[in-house]
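Single-letter residue listing:
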Amino acid sequence: MAYNLLVGQSGGPTAVINSSLAGVFESARAFGAPHVYGMQYGIEGLLEGRIVDLNDQLGDKMAIELLKRTPSSFLGSCRHKLPDFAVNDKPYKTLFELFKQYSIGAVLYIGGNDSMDTIAKLAAYGAAVNSEIRFIGVPKTIDNDLMGTDHTPGYGSAAKYIATILKEVICDSGVYDLRSVTVAEIMGRHTGWLAGAASLAAGSDSAGPDIILLPERTFDEEVFLKRVAALTADKKNVIIAASEGVKNKDGVFLCDLVSTAGQLDAFGHKAILSGTSRYLADLIRVRLGCKTRAIEFSTLQRCASHLASRTDITEAYQVGGAAVEAAFAGQTGKMCGIVRLSDTPYRTETTTVDVAAVANQEKCVPADWITPDGMHVNEKFETYARPLIQAELTPIYINGVPQHIHLQG
């Protein structure tokens, strides 16, 4: 007997999160699901009974093509932490009553570490009450810090944006005949995958960044200033890419030295990190007497669908489809992941992993991918990341700007 499927999106959006939604929708319909329902504003909205029928929203091929090219979360998002059901099972009873009301046989959640926590808890509760509903996680995060997958959909497009924009910043920095240091601040709370992507700006026409600071290495002010001084003595324009999550030897975020943004989200993570580039630019200006400027790439890194990687879009769609296939095959408590088969030619396949082993874990940049001085990445990082930013999917332009699709009603 065919059953309906429910899907939600959670956490920070990406340029390709909707491509995963497209993969879920089309695969579920192909497997015979009468209805594919969407949670409005993730699990938080679902607890309020906010459900939309995607059959009414995505009725033709053009809608799907626009969905693949639309950034942010089509269904809306949230950062809501479910309690331990052994302590408080009220939300679970509400949710499972909704699943029964809508004849839901599978629940898919597109998100990162915290979203996998949600799937793990729902699957555990389902097992405890002998439910036949399948719960599957679909990976998403520009941070690329999910365990159980070679890389995470969303990362490749953010990496492509960072490399592209930094190349353009490098061109701009050389306009005037004077010595200067430009510090670009890149997202990444605890891991340096995004900052490392700045290295991809290097090529035959660009030297790329001179320094890359990652959270995986403790920031040493004196060593850093000595390195910058040596660089400015040798070249006019120095480019530094710094992760927003860099900390000093006392474990303090550099951004907190110029900002009081201490707000935490529902999962206990700092909700706002901003100011690292300003701190570093001011430090260099005061200590070295050099002209500096600070640039924050900010949320542009996760919403620039016009610079999305086609590889990323394709893989995001594939993991969405693979999650549906896993659910219809009877799997539950799993997350779909990507396995890399080879670098050259670049080939991958999808797999499933235990979601409990993924939830609330973080994958850092391997130590041997970082240069010995801790201020750059090496060729191993490029071998890994370069294939993820390949190719483009041209936006559908209307009246000179990209056309997007939005939830109706």
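One numbering rule holds for all chains: residues counted from 1, following each sequence as written. Predicted model: local features are reported for residues with pLDDT of at least 70 only, side-chain atom pairs are reported and counted for 80 or more only, and whole-chain, interface and lining totals are derived from all residues. Hydrogens and water are ignored here; the side-chain numbers use all heavy atoms of the structure.

### So, the overall build of the chain
The helix and strand inventory of the chain stands at 13 helices and 13 strands. Seen through its principal axes, the chain has C-alpha atoms that stretch 75 × 50 × 40 Å. Taking all 409 residues of the chain together, the buried fraction comes to 56%. Here the contacts in the chain between residues at least 6 apart in sequence split such that 76% fall between residues at least 24 apart. For the chain, the computed accessible surface area is about 17000 Å², with 50% contributed by carbon and sulfur atoms. Each helix is a run of DSSP H or I of at least 4 residues and each strand a run of E of at least 2, with the numbering of both proceeding from the N terminus. Only protein chains enter the accessibility calculation, which uses a 1.4 Å probe. A residue is then buried if its area is under 20% of the maximum for its type, exposed if over 50%, and partly exposed in between. Note on contacts: a residue pair qualifies if any of its non-hydrogen atoms lie within 4.5 Å across the two residues. In these tables, accessible area is a Shrake-Rupley quantity obtained with a 1.4 Å probe, and a residue counts as shielded only by the protein chains included in the view.

### Thoughts on the packing of aromatic side chains
By convention, a stacked pair of Phe, Tyr or Trp rings (six-membered ring in the case of Trp) has centres within 6.5 Å and planes under 30 degrees apart, an edge-to-face pair has planes over 60 apart, and any other such pair is tilted. According to the stated counting rule, one finds 18 aromatic pairs in the structure shown. Centroid distance Phe 31 to Phe 328: 5.0 Å. Interplanar angle 20°. Geometry classified as stacked. On the criterion of sequence distance, the pair formed by Phe 31 in the loop between α1 (17-30) and β2 (36-39) and Phe 328 in helix α12 (residues 310-328) is long-range, its members being 297 residues apart. Among the aromatic side chains, those forming a connected cluster through ring pairs are Phe 85, Tyr 92, Phe 96, Phe 99, Tyr 125 and Phe 135.

### Quick notes on the nonpolar core
In these notes, a set of buried Ala, Val, Leu, Ile, Met, Phe, Trp, Tyr and Cys residues joined through side-chain atoms within 4.5 Å is what counts as a nonpolar core. Core analysis: the biggest nonpolar cluster contains 37 residues, and Tyr 155, Leu 166, Leu 194 and Phe 381 have the highest contact counts within it. If you list the elements that add at least two residues to this core, you get α7 (155-173), β6 (180-186), α8 (193-196), β8 (237-243) and α13 (379-385). Per-element tally for this core: the top contributor is α7, with 10 residues. Those residues in contact with Leu 194, other than ones at most four positions away along the chain, are Ile 142, Asp 143, Tyr 155, Ala 158, Ile 162, Ile 186, Met 187 and Gly 188.

### Details of the packing of α1 against helix α4 (residues 61-68)
All axes are obtained by fitting lines to C-alpha atoms, using only the stretch in contact for helices, and the reported angles, taken between N-to-C directions, cover 0 to 180 degrees. Between α1 and α4, whose axes approach to 7 Å, the crossing angle comes to 150°. Contacts between α1 and α4 involve Asn 18, Ser 19, Leu 21, Ala 22, Phe 25 and Glu 26 from the first element and Lys 61, Ile 64, Leu 67 and Lys 68 from the second. Only Asp, Glu, Lys and Arg are considered charged, only Ala, Val, Leu, Ile, Met, Phe, Trp, Tyr, Cys and Pro nonpolar, and every remaining residue, Gly among them, polar. Class assignment of the residues belonging to the contact of α1 with α4 gives a composition of 5 nonpolar, 2 polar and 3 charged.

### Some thoughts on the sheet that holds strand β11 (residues 347-354)
Pairing is mixed in the open sheet, where 7 strands are placed in the order β3-β2-β1-β4-β5-β10-β11. In this open sheet, the two strands that pair with only one neighbour each are β3 (51-53) and β11. The sheet shows a mean angle of 30° between the axes of neighbouring strands, taken without regard to direction. Across 3 bridges, the pairing between β2 and β3 is antiparallel. Residue pairing for β3: Gly 38 is matched across the bridge by Val 52. Two strands make a pair as long as DSSP finds a minimum of two bridges between them.

### Considerations on a nonpolar patch on the surface
Patch members must show over 30% relative accessible area and no salt bridge, and they are joined within 9 Å when carrying like charges or within 5 Å when they are nonpolar side chains of Val, Leu, Ile, Met, Phe, Trp or Tyr. Think of a salt bridge as a Lys or Arg side-chain nitrogen and an Asp or Glu carboxyl oxygen that are within 4 Å of each other. A cluster of nonpolar side chains, namely Val 175, Tyr 176 and Leu 178, defines an oily patch on the protein surface of about 320 Å² accessible area. One can find Leu 178 in the loop between α7 and β6.

### Notes on the side chain of Ser 180
Checked against the element boundaries, Ser 180 lands in strand β6. As used in this structure description, the phrase polar contact means that two N or O atoms lie within 3.5 Å; if the pair is within protein, one of them must be able to donate a hydrogen and the other to accept it, and residues adjacent in sequence are counted only when both atoms belong to side chains. A polar contact is formed between the side chain of Ser 180 and the side chain of Asn 237, at a distance of 3.2 Å.

### As for unusual backbone geometry
Each neighbour pair has its own omega, and for Thr 344 with Pro 345 the value is -5°, a cis peptide bond. Counting through the fold element by element, Pro 345 comes out in the loop between β10 (334-342) and β11. At Asn 360, a residue that is not glycine, the phi angle is positive and equals roughly 65°. Among the structural elements, Asn 360 can be located in the loop between β11 and α13. Located in the positive-phi region is Ala 391, a residue other than glycine, with phi close to 70°. Position of Ala 391 relative to the elements: it lies in the loop between α13 and β12 (397-398).

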